[in-house]
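Descriptive analysis of the structure
These are the residues of each chain, in order.
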Amino acid sequence: MLHAPSLQEVLRPALDPAPAHAPAPGDRLAAVLVPLVETPETSLIFTVRSDALSRHPGEVSFPGGLVDEGESPA
């Protein structure tokens, strides 16, 4: 029987365990969530942006967006 590594095992070495971002003055911070589902096969979850939005209306996207005042990317 072959061992198939979990997605977590595969991604762990590629991810920074303590990411630190130093934005330049005037940068607009944004963050996205990339939800991965492993049952029964690995798949991604996307959202469809509202047609009423001024930016990128109706587009398929990852959940997330601009960081508002008082929020952090996390």
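Preceding this section is the structure that the text describes.
What comes next is a walk through the structure. As the structure is a computational prediction, the values presented were derived from the model and not from experiment. Residue numbers here run from 1 along each chain, matching the order of that chain's written sequence. Local features in a predicted model are, by the rule used here, given only for residues with pLDDT of at least 70; side-chain atom pairs are given and counted only at 80 or more, and totals for whole chains, interfaces and linings are based on all residues. The basis for every side-chain value is the complete set of non-hydrogen atoms in the structure, without hydrogens or water.

Brief notes about the layout of surface pockets
We apply this condition: Definitions used for this entry: grid spacing 1 Å over protein atoms alone; cavity, a set of points where a 1.4 Å probe fits but cannot get out; pocket, an open set with protein on both sides within 12 Å along at least 5 of 7 lines; lining residue, one with an atom within 4 Å of a point. Grid points are joined across faces, edges and corners, and a volume is the space filled by probe spheres set on the points. Amino acids are sorted into nonpolar (Ala, Val, Leu, Ile, Met, Phe, Trp, Tyr, Cys and Pro), charged (Asp, Glu, Lys and Arg) and polar (every other residue, Gly among them).
Here the largest pocket defines a volume of roughly 510 Å³. Surrounding the largest pocket, 13 residues form its lining, L15, D16, P19, A31 and P73 being those nearest its centre. For the lining of the largest pocket, the residue count by class is 11 nonpolar, one polar and one charged. A volume near 280 Å³ is recorded for the second largest pocket.

Let's talk about unusual backbone geometry
Just so we agree on the cut-off: Secondary structure counts use DSSP, requiring at least four H or I residues in a row for a helix and at least two E residues in a row for a strand, with both numbered from the N terminus.
Here T39 and P40 are connected by a cis peptide whose omega angle stands at -15 degrees. One non-glycine residue, H56, adopts positive backbone phi at about 55 degrees. Relative to the elements of secondary structure, H56 occurs in the loop between β4 (47-48) and β5 (60-61).

Observations concerning the side chain of S61
Heads up, the condition is: Any two residues whose heavy atoms approach within 4.5 Å at even a single point are treated as in contact.
By secondary structure assignment, the location of S61 is in strand β5. The contact partners of S61, leaving out residues within four places of it in the chain, are F46, T47 and R49.

A few points about the environment of Q8
We apply this condition: Relative accessibility thresholds used throughout: buried, under 20% of the residue-type maximum; exposed, over 50%; partly exposed, between the two (1.4 Å probe, protein chains only).
Structurally, Q8 can be placed in helix α1 (residues 7-11). Note on Q8: relative accessible area 52%, which makes it exposed. With 28 residues separating them in the primary sequence, Q8 and L36 have C-alpha atoms 9.9 Å apart.

Some remarks on a nonpolar patch on the surface
Spelled out, the test is: Patches draw on residues past 30% relative accessible area with no salt bridge. Two like charges within 9 Å are joined, as are two nonpolar side chains (Val, Leu, Ile, Met, Phe, Trp, Tyr) within 5 Å. Where accessible areas are quoted, they stem from the Shrake-Rupley method and a 1.4 Å probe; at the residue level, only the protein chains shown are allowed to cover. Take a side-chain nitrogen of Lys or Arg and a carboxyl oxygen of Asp or Glu: if they are within 4 Å of each other, that pair is a salt bridge.
A surface patch of nonpolar side chains, about 890 Å² in accessible area, is lined by V10, L11, L15, V32, V34, L36, L44, F46, V48 and V60. Along the polypeptide, V32 turns up in strand β1 (residues 30-32).

A word on the environment of P35
Looking at the element boundaries, P35 is found in the loop between β1 and β2 (36-37). Between the C-alpha atom of P35 and that of V48, which follows or precedes it by 13 residues, the distance is 14 Å. Excluding residues within four positions of it along the chain, P35 makes contact with S43, L44, I45 and P63.

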